[in-house]
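# Observations on chain architecture
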Amino acid sequence: LFKETPLIAMQHQSNRHSGVIVCERCFAFTGPLERQVRALLKGRGLADEAILPASLPSMPGLRELPTPVGCPGGCGLSFCSAACATAEY
């Protein structure tokens, strides 16, 4: 399969306002998976703290999401890797 960088891409506004953190360049999810699940449920109006576990069970073969990397220029944007950050900057 070919992997291409999109010419135009945009994170959905409701997704962003819910708190879902994605790379500003490639839109890969970043940060802890629990945070992403909470944000997605919050966006759907289902973020009742009583039903959400503090952490998800670990599963063999499940890779962790990358830790967000800040913008080298200090603008506040987050990226999935230093490579994405420098490519965008």
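What counts as what
Chains are numbered independently. Their residues run from 1 in the order of the written sequence. Where local features are concerned, this predicted model is filtered to residues with pLDDT of at least 70; where side-chain atom pairs are given and counted, the filter is 80 or more; whole-chain, interface and lining totals use all residues. Each side-chain value is worked out from all heavy atoms of the structure, with water and hydrogens disregarded. The working definition used for a salt bridge is a side-chain nitrogen of Lys or Arg within 4 Å of a carboxyl oxygen of Asp or Glu. For each residue, the accessible area found with a 1.4 Å probe, counting protein chains only, is set against the maximum for its type, and the residue is called buried under 20%, exposed over 50%, and partly exposed in between. A patch is a set of surface residues, each over 30% in relative accessible area and not in a salt bridge, joined within 9 Å for like charges and within 5 Å for the nonpolar side chains Val, Leu, Ile, Met, Phe, Trp and Tyr. Accessibility throughout is a Shrake-Rupley quantity obtained with a 1.4 Å probe, and a residue counts as covered only by protein chains that appear here. Strands are runs of DSSP state E lasting at least two residues, helices are runs of H or I lasting at least four, and both sets are numbered from the N terminus onward. A contact between two residues is defined here by any heavy atoms of the two lying within 4.5 Å. Only buried Ala, Val, Leu, Ile, Met, Phe, Trp, Tyr and Cys residues count toward a nonpolar core, and they belong to the same one when joined by side-chain atoms within 4.5 Å.

### Quick word on the pattern of salt bridges
- This model, assessed by the stated rule, comprises 1 salt bridge.
- As a salt-bridge pair, Glu24 and Arg16 come within 3.4 Å of each other at their nearest N and O atoms.
- Arg16 gets classed as partly exposed once you look at its relative accessible area, which sits at 40%.

### Observations regarding a nonpolar patch on the surface
- On the surface, Leu33, Val37, Leu56, Met59 and Leu62 cluster together into a nonpolar patch covering about 410 Å² of accessible area.
- Within the secondary structure, Met59 is located in the loop between helix H2 (33–43) and strand E1 (69–70).

### Topic: the side chain of Thr30
- Here Thr30 is to be found in the loop between helix H1 (13–18) and H2.
- Setting aside residues up to four positions removed in sequence, Thr30 forms contacts with Ile21, Val22, Cys23, Gln36, Leu65, Pro66, Pro68, Phe79 and Cys80.

### Some points on the side chain of Gln36
- Structurally, the position occupied by Gln36 is in helix H2.
- Excluding anything up to four places from it in sequence, Gln36 contacts Val20, Ile21, Phe29, Thr30 and Leu65.

### Section: the nonpolar core
- Grouped together as the largest cluster of nonpolar side chains are 6 residues: Cys23, Cys71, Phe79, Cys80, Cys84 and Ala85.
- Excluding anything up to four places from it in sequence, Cys23 contacts Ala28, Thr30, Ser78, Phe79, Cys80 and Cys84.

### Considerations on the environment of Pro68
- Residue position: Pro68 is located in the loop between H2 and E1.
- Taking the C-alpha atoms as reference points, Pro68 and Ser81, separated by 13 residues in sequence, lie 7.1 Å from one another.
- In this view, Pro68 contacts Thr30, Gly31, Ser78 and Phe79; residues no more than four positions away in its chain are not counted.

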